[in-house]
Amino acid sequence: MIPFPAVAVVGYKKSGKTLLLEGILETLHRDSPHLRPHVIKHSQEPLPSGMEDTMRLFPHASTVEGLFREGSALLTHKLLPLPTYPEEVEGDLLLLEGFKEVFRLPRILCLRSPQEWEELSTGLELACFSLSPMEIPGVTLFGPQEIPELTARLLTSGFLLPGFDCGGCGKKSCRALAREIVAGKASPKECVNDSSQEISVQVGNQSLSLNGFTGNALRNVISAYLKTLKGTGDGPVTIRFRL
């Protein structure tokens, strides 16, 4: 699990997704300038203007990197996976736009009509946002003036599960655990792949460097074995032996 806030902004075209994300980023820049948001956008639209020449190189290249005055863009034919571990995120806050088919993190629904609530709701809704007033029974809608309140909510309640569906938490899938977390019936720390639970290995006087995947794999193997032993409880674990 990524141990800092993550949320997906989901909705149909022209529902205000980009406007909402702009407002969230502006709020963060003003009120929490120490945070570094990492944004991933999923779109069916063509690339924006200014990249036409770059796109001419793309069909016959495996990867094209464009360097521009205000930044760079990396084009690849592969659909890159969503992050699983903290080192895969260049920041300390993850914001997704789109990704209707990703069910391992909470989402803010952008709605144009009550019917869209019926079509898009999955039990993962952290909040709902609308550009225009409407009534949906049992649903609290936030408008553009309430984006700071939405931002505060995602900072305290956002999370991203790894998507392994390993069952180690006792749930049948990451989606099932995510729904219980959003409903207040579970905690993100119930994920056994919680990468905020650090593991360290020291050989002699030298500490070994473990990336997220290796650290989680080692911790899970040791944890699974120890749980089979009598008298094992929660708490820090220390194991010592000679190579």
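No experiment lies behind these values; they were computed from the predicted model shown.

Asks: Just give me the short version of the nonpolar core, but keep the residues and values in it.
Replies: Membership of the largest hydrophobic core comes to 19 residues, with the highest contact counts inside it found for Leu96, Leu105, Leu109, Leu111, Trp117, Cys128 and Ile136. For this core, the elements supplying multiple residues, two or more each, are strand E1 (6-11), strand E5 (93-97) and helix H3 (114-120). For this core, the element with the most residues is E1, which contributes 3 residues. In contact with Trp117, not counting residues within four places along its chain, are Leu109, Leu111, Glu125, Cys128, Ile136 and Val139.

Asks: Any details on empty space enclosed by the protein? Residues and values, ideally.
Replies: Applying the stated criterion to the full structure yields 1 cavity of 30 Å³ or more. If you trace the largest cavity, you find 15 residues lining it, with Cys166, Cys169, Cys174, Leu177 and Cys191 closest to the centre. Looking at the lining of the largest cavity residue by residue, the classes come out as 9 nonpolar, 4 polar and 2 charged.

Asks: Just give me the short version of helix H1 (residues 17-31), but keep the residues and values in it.
Replies: Residues that lie three or four places apart on an α-helix share one face, since the helix turns once every 3.6 residues. The end-to-end C-alpha distance of H1 is 21 Å, a good match for the 21 Å that 15 residues give at a rise of 1.5 Å each. Among the residues of H1, those classed as buried are Lys17, Leu20, Leu21, Gly23, Ile24, Thr27 and Leu28. Within H1, the buried residues cover an arc of 160° as seen down the axis, which keeps them to one side. Along H1, exposed side chains directed more than 90 degrees from the buried face belong to Glu26, His29 and Arg30. Where H1 is buried, its residues contact E1, strand E2 (37-41), E5, strand E6 (107-110), strand E7 (125-129) and helix H4 (147-157).

Asks: Can you lay out the sheet that holds E1 for me, pointing to particular residues and giving the numbers?
Replies: In space, the 6 strands of this open sheet follow the order E2-E5-E1-E6-E7-E8, with parallel pairing throughout. Looking at the sheet topology across the chains shown, the edges are occupied by E2 and strand E8 (141-142). In the sheet, E1 pairs with E5 via 4 bridges, with the strands oriented parallel. Counted as the bridge partner of Ala6 is Leu94 from E5. Packed onto the sheet, H4 meets E1, E5, E6, E7 and E8 and runs at close to 170° relative to E7.

Asks: Hey, could you go over the packing of aromatic side chains for me, with residue numbers and the actual values?
Replies: Applying the stated criterion to the full structure yields 0 aromatic pairs. Over the ring of Phe103 we find Arg175; its NZ or CZ atom is 3.9 Å from the centre of that ring.

Asks: Account for a nonpolar patch on the surface, naming residues and giving values.
Replies: Taken together, Val203, Leu208, Val237, Ile239, Phe241 and Leu243 make up a surface patch of nonpolar side chains, about 670 Å² in accessible area. Examined against the element boundaries, Val237 turns out to sit in the segment after helix H6 (212-226).

Asks: I'd like a rundown of the packing of H1 against H4, residues and numbers included.
Replies: Taken N-terminus to C-terminus, the directions of H1 and H4 make an angle of 75°; their axes are 9 Å apart at the nearest point. What the angle tells us is that H1 and H4 run roughly perpendicular. Contacts between H1 and H4 pair Leu19, Leu20, Gly23, Ile24, Thr27, Leu28 and Arg30 from the former with Ile147, Pro148, Leu150, Thr151, Leu154 and Leu155 from the latter. Its residues placed into classes, the contact of H1 with H4 shows 9 nonpolar, 3 polar and 1 charged.

Asks: Kindly report on the pairing of strand E4 (residues 71-76), identifying the contributing residues and their values.
Replies: Of the pairings in the sheet, the one linking strand E3 (residues 63-68) to E4 comprises 6 bridges and is antiparallel in character. Residue pairing for E4: Gly66 is matched across the bridge by Ala73. Between E3 and E4, which pair antiparallel one after the other, the connecting turn spans 2 residues.

Asks: How would you explain helix H5 (residues 174-182) if you had to name every residue and give the values?
Replies: Along H5, the residues that are buried comprise Cys174, Leu177, Ala178 and Ile181. Projected down its long axis, H5 carries its buried residues within an arc of 100°, all on one side. Two residues or fewer after H5 comes Gly184, characterised by a positive phi angle close to 80°.

How each quantity is defined
- Residues numbered from 1 in each chain as written.
- Predicted model: local features only at pLDDT ≥ 70, side-chain atom pairs only at ≥ 80, totals over all residues.
- Heavy atoms only, no water.
- Core = buried A, V, L, I, M, F, W, Y, C linked by side-chain atoms within 4.5 Å.
- Buried < 20%, exposed > 50% of the residue type's maximum accessible area, 1.4 Å probe, protein only.
- Helix = DSSP H or I, 4+ residues; strand = E, 2+ residues; numbered from the N terminus.
- Contact = heavy atoms within 4.5 Å.
- 1 Å grid on protein atoms, 1.4 Å probe; cavity = no way out; pocket = protein on both sides within 12 Å on 5 of 7 lines; lining within 4 Å.
- Points joined across faces, edges and corners; volume = space filled by probe spheres on them.
- Nonpolar A, V, L, I, M, F, W, Y, C, P; charged D, E, K, R; others polar.
- Expected span 1.5 Å × (residues − 1).
- Arc of directions from axis to C-beta.
- Pairing = 2+ DSSP bridges.
- Axes fitted to C-alpha atoms, helices over the stretch in contact; angles between N-to-C directions.
- Phe/Tyr/Trp six-rings, centres within 6.5 Å; stacked < 30°, edge-to-face > 60°.
- Lys NZ or Arg CZ within 6 Å of the ring centre and 35° of its normal.
- Patch = residues over 30% accessible without salt bridge, like charges linked within 9 Å, V, L, I, M, F, W, Y side chains within 5 Å.
- Areas by Shrake-Rupley, 256 points an atom, 1.4 Å probe, with all protein chains shown as cover.
- Salt bridge = Lys/Arg side-chain N within 4 Å of Asp/Glu carboxyl O.
- Parallel < 35°, antiparallel > 145°, perpendicular 65-115°, else oblique.

So far we have only geometry, and geometry alone does not tell us how the molecule works.
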